[in-house]
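Report on the structure
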Amino acid sequence: MSQSYTVAPRLDADSVERFGKQGYLLVNEPVLEPTKFDRLKALFEELLERWMANPQGGSPEHMDTPHFLFPELFEYAFDDRVLDLVEPILGPDLGLFSTHFICKPAAVGKRVPWHEDSAYWRGRLDPMRVVTVWLAIDPSTPDNGCMRVIPGTHVNGYSEYEDVKDAAVFGSEIRRGAFKEADAVDCMLGPNECSLHDARIIHGSAANTGAMRRCGWTLRFISTQSKFNPAADHDGFQIYLARGKDRAGNTYGDPAKVNQAYIDAHPDGFPKGH
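Residues numbered from 1 in each chain as written. Predicted model: local features only at pLDDT ≥ 70, side-chain atom pairs only at ≥ 80, totals over all residues. Heavy atoms only, no water.

Among the structural elements, Ile263 can be located in helix H7 (residues 260–265). Spatially, the C-alpha atoms of Ile263 and Arg129 are 27 Å apart, while their sequence positions differ by 134 residues. For Ile263, the residues in contact, after removing those within four places along its chain, are Phe68, Leu69 and Val258. (Helix = DSSP H or I, 4+ residues; strand = E, 2+ residues; numbered from the N terminus. Contact = heavy atoms within 4.5 Å.)

Encoded structure:
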């Protein structure tokens, strides 16, 4: 991420440089206009209620790709106040790769093992230029299992993994000893604040053993200079043009419509995934 871009008003040059060096950035200020954030949170609560009422739904940590089923989420994903946080890092041509509500219930929320997002997406994007906006729906603190990052570990993105032996959101994690957990930084956020992180950075979070729920909405943005390679199983996964122009010959979905191909491939609702 060494290329130079015109900096949008929401991030100054020092913040962009810090992101490039450390692989993450905390934005401890409101992301969306307060009334708009309130609408988003109300929509999330509705989706969560529907998810939990679905016998096939399972744990709320797995509310993956909800924008495929509920196009009204694009009003928030494509808000200029969101995109203006990403453009200074990735440039003016932006695509939305994926979103995920990661909701840890109070007292029983599962831990997220140490991982790199890029390891789950290997072969899907070339090059792997992804910035995740982790938008806090609830307060996110060490008490309820906030995200933790290992600064500066975004130089690789493809560590060796081993199986997880406890109840966790994912079934694998980076091999022990591959990094210094003592270097971890807590990403503490208030509602409507966010963190930004590179897809290759090592991150995870502890279980939520506290009395307060912890939910964040992750929005994964790519530069449209990256080529998206659909999965071999043709499960209908699609990306969306968020701002600017396509630069890699990608095909984009229509944000005004549900992704029917993906819905047909996953008839039980939100599929489990990253």
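Between its terminal C-alpha atoms helix H2 (residues 34–53) stretches 29 Å, which fits the 28 Å expected from 20 residues at 1.5 Å a residue. Turning to H2, its buried residues number three or more, namely Lys36, Phe37, Leu40, Leu43, Phe44, Leu47, Leu48 and Trp51. Buried residues along H2 cover an arc of 145° about the axis, so they all sit on one side. Exposed side of H2, more than 90 degrees from the buried face: Thr35, Asp38, Glu49 and Ala53 are the residues found there. Of the surrounding elements, those touching the buried residues of H2 are strand E2 (63–64), helix H4 (74–77), strand E3 (94–104), strand E6 (130–136) and strand E13 (214–223). (Expected span 1.5 Å × (residues − 1). Buried < 20%, exposed > 50% of the residue type's maximum accessible area, 1.4 Å probe, protein only. Arc of directions from axis to C-beta.)

With antiparallel pairing, the four strands of this open sheet are ordered in space as E4-E12-E7-E10. Strands with a single pairing partner mark the edges of an open sheet, and in this sheet they are strand E4 (112–115) and strand E10 (185–186). Bridge count for strand E7 (residues 147–149) against strand E12 (residues 203–205) is three bridges, and the pairing is antiparallel. Residue pairing in the sheet places Val149 in a bridge with His203 of E12. (Pairing = 2+ DSSP bridges.)

Here the protein chain averages 93 in pLDDT, and 93% of its residues register 70 or above. This model gives residues 1–8 a pLDDT under 50, and the stretch forms 19 contacts once residues within four places in sequence are excluded. (pLDDT = per-residue confidence, 0-100.)

A separate point is the nonpolar core. Counting residues in hydrophobic clusters, the biggest one holds 54 residues, and the most contacted among them are Phe101, Leu196, Trp217 and Phe221. In terms of residues, this core owes the most to one element, H2, which gives seven residues. Contact partners of Phe221, with chain neighbours within four places excluded, come to Ala77, Val82, Leu83, Val86, Leu90, Gly95, Leu96, Arg129, Val130, Val131, Val133 and Ala242. By size, the runner-up hydrophobic cluster in this structure holds eight residues, among which are Tyr24, Trp134, Met147 and Ile201. (Core = buried A, V, L, I, M, F, W, Y, C linked by side-chain atoms within 4.5 Å.)

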